[in-house]
Amino acid sequence: MDAFVLRARRAERAISPGVRAAARISHAGLIGFDQRLKSPDSLKRKVATSMQESPGRSVDTSLGMINDAVRFTLQWPADQYSQGVQTAAGLLSAWGNDSTRWANTWNRTAGYKAINSAWRAPRSHQLFEVQFHTPESKAAQLETHKLYEEQRLPGTPIERVHELQAQQNAIFAAVPVPPGAERLTAPARRIPAPDPARRLPAPAA
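Since we're looking at a predicted model, the values are computed, not measured.

About the thresholds
- Residues numbered from 1 in each chain as written.
- Predicted model: local features only at pLDDT ≥ 70, side-chain atom pairs only at ≥ 80, totals over all residues.
- Heavy atoms only, no water.
- Axes fitted to C-alpha atoms, helices over the stretch in contact; angles between N-to-C directions.
- Helix = DSSP H or I, 4+ residues; strand = E, 2+ residues; numbered from the N terminus.
- Parallel < 35°, antiparallel > 145°, perpendicular 65-115°, else oblique.
- Contact = heavy atoms within 4.5 Å.
- Nonpolar A, V, L, I, M, F, W, Y, C, P; charged D, E, K, R; others polar.
- Buried < 20%, exposed > 50% of the residue type's maximum accessible area, 1.4 Å probe, protein only.
- Pairing = 2+ DSSP bridges.
- Core = buried A, V, L, I, M, F, W, Y, C linked by side-chain atoms within 4.5 Å.

A.B. asks: Hey, could you run me through the packing of helix α5 (residues 135-152) against helix α6 (residues 158-173) in this one?
C.D. replies: The packing of two helices is summarised by the inter-axis angle and the distance between the axes. Between α5 and α6, the least distance of the axes is 9 Å, while the angle of their chain directions is 180°. The pairing of α5 with α6 is recorded here as roughly antiparallel in orientation. Across the interface between the two elements, Ser-137, Ala-140, Gln-141, Glu-143, Thr-144, Leu-147, Tyr-148, Glu-150 and Gln-151 from α5 touch Arg-160, Val-161, Leu-164, Gln-165, Gln-167, Gln-168, Ile-171 and Phe-172 from α6. Of the residues belonging to the contact of α5 with α6, the class tally is 7 nonpolar, 7 polar and 3 charged.

See the structure below:
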């Protein structure tokens, strides 16, 4: 665990400048930047939950599934959201980050609304998360956080789980969907251009 945390901290130093640049160019607010590193205690809880949900899963396997040890939130007003996401995600991809996950939940009829994306940094290969929000969806996420945490506790009775989900659904139902947000997809994976030198004829003998 200590080695995992140390690697994430080292990688963050190279990841953050790119995310900050993408936010600046796309006119995004960079929300909660001082919380970009997940705490060791939070990581331990996540690993414990993963192992409890899948008995037999190792610590290393559980750590390998964590994509938000380094995480960021970009935010735009609803009328700028779709263009902002396209610009920011396109820049992250163009700068060599591979998109490994793209969960667009704006078209859901119930529950969480936003885009949660995961990326792999080109040099360190560190996974990191970028959430794309509007002010309204971010406020709803913060408001429902404690409800979500209680819902995930292993000992929460099923009746309470349903009650907590209904409360979250009601909060997110009030979040306006930005124009075009439900159609946003991950950037096309970049294919490196072939080396032009390989197309040249062999030198004459």
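A.B. asks: Just checking my understanding: could you explain unusual backbone geometry for this structure?
C.D. replies: Negative phi characterises most residues that are not glycine, and trans characterises most peptide bonds. Within the chain, His-27 stands out as a residue other than glycine whose phi angle is a positive 60°. Assignment of secondary structure puts His-27 in the loop between α1 (2-25) and β1 (29-31). Although it is not a glycine, His-125 adopts a positive phi angle of roughly 65°.

A.B. asks: Any chance you could explain the pairing of strand β4 (residues 115-120) here in plain terms?
C.D. replies: Regular strands have side chains that alternate between both faces of the sheet. Taking burial as the measure, the 6 residues of β4 include 5 buried ones, the bulk of the element. Pairing geometry for β4 and strand β5 (residues 127-133), over 6 bridges, is antiparallel. Of the residues in β5, the one forming a bridge with Ala-118 is Glu-129. Adjacent in sequence and paired antiparallel, β4 and β5 are bridged by 6 residues, among which His-125 carries a positive phi angle near 65°.

A.B. asks: Whenever I open this one, the side chain of Ser-62 confuses me. Can you help?
C.D. replies: Secondary-structure assignment places Ser-62 in helix α3 (residues 59-64). Once you skip the residues sitting within four places of it in the chain, Ser-62 turns out to touch Val-47, Ser-50, Met-51 and Arg-57.

A.B. asks: Could you clarify how one ought to interpret the nonpolar core in this entry?
C.D. replies: Taken as a class, soluble globular proteins show a tendency for nonpolar side chains to be buried jointly. Among the nonpolar cores identified, the biggest contains 40 residues, and Leu-74, Tyr-81, Phe-128 and Phe-132 are the most heavily contacted of them. Residue assignment for this core shows that the elements contributing at least two residues are α1, α2 (40-53), β2 (71-75), α4 (78-94), β4 and β5. In terms of residue count, α1 provides more of this core than any other element does, 8 residues in total. Those residues in contact with Tyr-81 that lie beyond four places of it in its chain are Trp-76, Trp-106, Ala-114, Ile-115, Phe-132, His-133, Thr-134, Pro-178, Ala-181 and Leu-184.

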